[in-house]
Amino acid sequence: MKMRSMEKLGVETSLLGFGCMRFPQTPEGKIDEALTQKMIDKAISEGVNYIDTAYPYHDGQSEVVVGNVLKKYDRNSYYLATKLPVWLVNTVEDVDKYLEEQLSKLQTDHIDFYLMHAMGKERWDKMVKIGCVERLAELKKQGKIRYMGFSFHDKYEVFEEILNYCDWDFCQIQLNYMDAEEQAGLKGYQLAVDKGIPVVVMEPVKGGSLAVFAEDITAKLKELDQEATPASYALRWVGSLPGVKVILSGMSSMEQVEDNLRTFKDFKPLSEKEQEVIRQVTEILRSRVQNGCTGCRYCMPCPAGVDIPGCFAAWNTYHMYQNYNAVSWNWEVSLGDAHKPVNCVQCGKCEAQCPQKIAIREDLKKVQADLDKKEMML
């Protein structure tokens, strides 16, 4: 197993971290505990020593299952990461309340890597106001947490503000070859490296979008190596960045565990040739975008309730990856019937405000037709 040293902390972690957000499930929608245990046991037996969960994963049951699985191991043989549900924290006392609940669920007396979960500007301002960071520092002194950090989902400028607030032990960002300029992105990665802060990466395979491709892209990758999976290239792209100390993979099957273990057992950074192919793949995917919506939201609010940027994001993503599963949740659940293009009343107010001059009304019809067709085919 490829290991990386967090020089700032004096610890060595497996480059592959086991993400506990996408455990296999039973037909009833509950975590398949028996299979989950086998998967984590397999990963640990092959050298994975970083286990990452969070308060809301699997409706609060991920921490419980992780605690049950890990209780048989020497507590000093692995690093446990979980996250403070900051959206539920309204007072500094809430920090202690949720940490104590998590310690109980995880059956441990301390958390190794404790993160403020999914930070953005609004949540960050709230946590600063109530003194959350300072309270975490006190809990660190007490030994209830060893290292404090944050996971991040917002613009680079917000990331810079948070990172510069204090001497963080580590940070966690979303990064993959399609999102190199999104959120914190490579710019944020470099800022953390320059400050000597270890980086943990989430969504290296972009929620599975970089694991299954149309035949043309799959063929390009197979020309490099017939045995390598598309997901392995996404993981290796992130692992080729030396400042990344842990790459989290939310594994939901034993096959995924085994494939990831093959990638990291004899880990090799991408070669120049492989990097060039990945650049070509990125260009192909981006060329499939259907319109130039930037998500600026000047078109909103829509009088009929249509989430215009959300619809275009789902549509463009679907065409990029040619994989309905990449957008099924957004289309069917997040948008829901109330915010889909079918509700458009053709008033045209959105087009008058669009700086990209997109033919919004016509494109919304295409969105509805394309994604409804794919939904009905499944």
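Shown above is the structure to which this text applies.
Note that the coordinates shown come from a computational prediction; the quantities given were computed from them, not determined experimentally.

Participant: Tell me what's going on with the packing of aromatic side chains, and back it up with residues and numbers.
Facilitator: Evaluated as defined, the whole model comprises 14 aromatic pairs. Arranged with centres 6.2 Å apart and planes meeting at 55 degrees, the rings of Trp124 and Trp168 form a pair that is tilted. Highlighted residues: Trp124 in helix 4 (residues 121-130) and Trp168 in the loop between helix 6 (156-163) and strand 8 (171-174), separated in sequence by 44 residues. No difference in accessibility class separates Trp124 from Trp168, as the two residues are buried.

Participant: With reference to specific residues and values, describe helix 1 (residues 33-45).
Facilitator: Counted at 1.5 Å a residue, the expected span for helix 1 with its 13 residues is 18 Å, and the 18 Å between its end C-alpha atoms agrees. What helix 1 keeps buried is the set Thr36, Met39, Ile40, Ala43 and Ile44. An end-on view of helix 1 places all buried positions within 130 degrees of arc, on one side of the element. Turned more than 90 degrees away from the buried face of helix 1, the exposed residues are Ala34, Lys38 and Ser45. Trailing helix 1 by a residue or two, Gly47 shows a phi angle of about 110 degrees, which is positive.

Participant: Break down the nonpolar core for me, with residues and values.
Facilitator: If you look at the biggest cluster of nonpolar residues, it comprises 87 residues, and the most contacted ones within it are Phe18, Met116, Phe150 and Trp168. Residue contributions to this core peak at six residues, all from helix 9 (residues 230-239). Within the second largest apolar cluster, 20 residues are counted, among which are Cys302, Ile308, Trp315 and Tyr318.

Rules of the game
- All residue numbers refer to positions counted from 1 along the written sequence of the respective chain.
- Confidence filtering applies because this is a predicted model: local features only for residues at pLDDT of at least 70, side-chain atom pairs given and counted only at 80 or more, and all residues used for totals across whole chains, interfaces and linings.
- The side-chain values count all of the structure's non-hydrogen atoms but skip hydrogen atoms and water molecules.
- Aromatic rings from Phe, Tyr and Trp, with only the six-membered ring used for Trp, were paired whenever their centres fell within 6.5 Å, and each pair was classed as stacked if the ring planes differed by under 30 degrees, edge-to-face if by over 60, and tilted otherwise.
- Think of it this way: any DSSP run of H or I at least four residues long counts as a helix, any run of E at least two long counts as a strand, and we number them from the N terminus.
- Exposed residues in this analysis have more than 50% of their type's maximum accessible area, buried residues have under 20%, and partly exposed residues fall in between, with area computed by a 1.4 Å probe over protein chains only.
- One less than the residue count of a helix, multiplied by 1.5 Å, gives the span that helix is expected to have.
- In this description, one arc is meant: the one made by directions from the helix axis to the C-beta atoms.
- What we call a nonpolar core is a set of buried Ala, Val, Leu, Ile, Met, Phe, Trp, Tyr and Cys residues that are connected through their side-chain atoms within 4.5 Å.

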